[in-house]
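Observations on the three-dimensional arrangement
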Amino acid sequence: KNQVEQSPQSLIILEGKNCTLQCNYTVSPFSNLRWYKQDTGRGPVSLTIMTFSENTKSNGRYTATLDADTKQSSLHITASQLSDSASYICVVSPGGSQGNLIFGKGTKLSVKP
Amino acid sequence: NAGVTQTPKFRVLKTGQSMTLLCAQDMNHEYMYWYRQDPGMGLRLIHYSVGEGTTAKGEVPDGYNVSRLKKQNFLLGLESAAPSQTSVYFCASSSGQGAWEQYFGPGTRLTVT
């Protein structure tokens, strides 16, 4: 069964600190992996999209890594800010699909001053 | 550019009532999607459309109908609402499949009593 598992479920860090969120997937075949940021009460917003051949991609203070062999991805946030408080969702697209992205449940990140 | 907009933002229905959620996009995207997001679960695809006049079922289509009469609009209908349909509904659109970005709307919070 195609699944995307994220850890931790929630995380609290102090402003200015770094953190890493994890994503493991059992989706086959694989097309691409995405990380989304979802602020409370808003729709998800894309941070990165990585295909099979990409193993790292950055978007400002956000850096995503992908290991397609072990089916693992991580999202590293550097020098966290209060505005980083949100849910971060890992999403995997199976190969050949037209719409059925597989969404993880998300990691809820709280950045405290 | 407004991107993806959804109306209404909030709605309370009684069991058995019907309603239509409207999604509009101004990016000339071919693909449009309806998702639902429930606590503790990842987003799940209800229905999607790969072009004007076409629709297809997603993961959880039961109890919903959709129409794509115009390229820019994607309507989600509930003919007889049930408490199990209490959820936050998100619309998204994209230029294509595969690694194309999906842009999400702000969501509609629906409560069925």
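For the structure itself, consult the block above.
Structure report, in brief. (Residues numbered from 1 in each chain as written. Chains lettered and ligands numbered in written order. Predicted model: local features only at pLDDT ≥ 70, side-chain atom pairs only at ≥ 80, totals over all residues. Heavy atoms only, no water.)

**Quick look at the nonpolar core**
By size, the foremost hydrophobic cluster in this structure holds 25 residues, and its most contacted members are Val4, Tyr25, Leu33, Trp35, Leu75 and Tyr88 of chain A. Other than its neighbours up to four places away in sequence, Leu75 of chain A contacts Cys19, Thr20, Leu21, Trp35, Leu47, Tyr62, Thr63, Ala64 and Tyr88 of chain A. (Core = buried A, V, L, I, M, F, W, Y, C linked by side-chain atoms within 4.5 Å. Buried < 20%, exposed > 50% of the residue type's maximum accessible area, 1.4 Å probe, protein only. Contact = heavy atoms within 4.5 Å.)

**Some points on the pattern of salt bridges**
All names here are of chain B. Tallied over the full model, the rule gives 6 salt bridges over all chains. Arg36 is the partner of Asp38 in a salt bridge, and the nearest nitrogen-oxygen pair spans 2.9 Å. Of the two residues, Asp38 and Arg36, neither departs from the other in class, the shared state being buried. Residue Asp38 is joined to Arg44 by a salt bridge in which the shortest nitrogen-to-oxygen separation is 2.8 Å. Connected via shared salt-bridge partners are Arg36, Asp38 and Arg44. (Salt bridge = Lys/Arg side-chain N within 4 Å of Asp/Glu carboxyl O.)

**Describing the pairing of strand 11 (residues 108-112) of chain B**
Residue and element names in this part refer to chain B. Covered by surrounding structure in strand 11 are Thr108, Leu110 and Val112 only, the residues Arg109 and Thr111 on the alternate face being uncovered. Sheet topology note: the strand 9 (residues 87-94)/strand 11 ladder contains 3 bridges and is antiparallel. Residue pairing for strand 11: Tyr89 is matched across the bridge by Thr108. (Helix = DSSP H or I, 4+ residues; strand = E, 2+ residues; numbered from the N terminus. Pairing = 2+ DSSP bridges.)

**Here we look at the state of the cysteines**
Applying the stated criterion across every chain, the model contains 2 disulfides over all chains. Disulfide pairing is shown between Cys23 of chain A and Cys90 of chain A; the S-S distance is 2.0 Å. Since a negative S-S torsion denotes a left-handed disulfide, the Cys23 of chain A-Cys90 of chain A link at about -70 degrees is left-handed. Separated by 67 residues along the polypeptide, Cys23 of chain A in strand 3 (residues 19-25) and Cys90 of chain A in strand 9 (residues 86-94) bring together distant segments of the chain. Residue Cys23 of chain A shares its accessibility class with Cys90 of chain A, and that shared class is buried. With a sulfur-sulfur separation of 1.8 Å, Cys23 of chain B is cross-linked through a disulfide to Cys91 of chain B. Here the disulfide of Cys23 of chain B and Cys91 of chain B is left-handed, its torsion about the S-S bond being about -75 degrees. (Disulfide = S-S within 2.5 Å.)

**Considering the sheet that holds strand 7 (residues 65-67) of chain B**
All names here are of chain B. Taking strand neighbours across the sheet as the criterion, the 4 strands line up as 1-3-8-7 in an open arrangement whose pairing is antiparallel. Each edge of the open sheet carries a strand with a single partner, namely strand 1 (4-7) and strand 7. Averaged over all pairs of adjacent strands, the angle between their axes in this sheet comes to 20 degrees, without regard to strand direction. Relative to strand 8 (residues 73-78), strand 7 runs antiparallel, the two sharing 3 bridges. Bridged to Ser67 within strand 8 is Leu75. (Axes fitted to C-alpha atoms, helices over the stretch in contact; angles between N-to-C directions.)

**Brief notes about the interface of chain A and chain B**
The partner chain B presents 21 residues to the 22 residues of chain A that form the contact. With both sides pooled, the region where chain A packs onto chain B buries about 1600 Å², and carbon together with sulfur makes up 53% of that total. Taken together, the connections running from chain A to chain B amount to 0 salt bridges. Inspection of the region where chain A meets chain B yields 4 residue pairs in polar contact (both at pLDDT 80 or more). The element that contributes the greatest number of residues to the side of chain A that touches chain B is strand 4 (residues 30-38) of chain A, accounting for 5 residues. Of the residues contributing to the side of chain A that touches chain B, the split by class is 6 nonpolar, 13 polar and 3 charged. (Buried area = accessible area lost by both parts, 1.4 Å probe. Polar contact = N/O pair within 3.5 Å; in protein donor to acceptor, adjacent residues only side chain to side chain. Nonpolar A, V, L, I, M, F, W, Y, C, P; charged D, E, K, R; others polar.)

Geometric descriptors of this kind do not, in isolation, establish any biological role.
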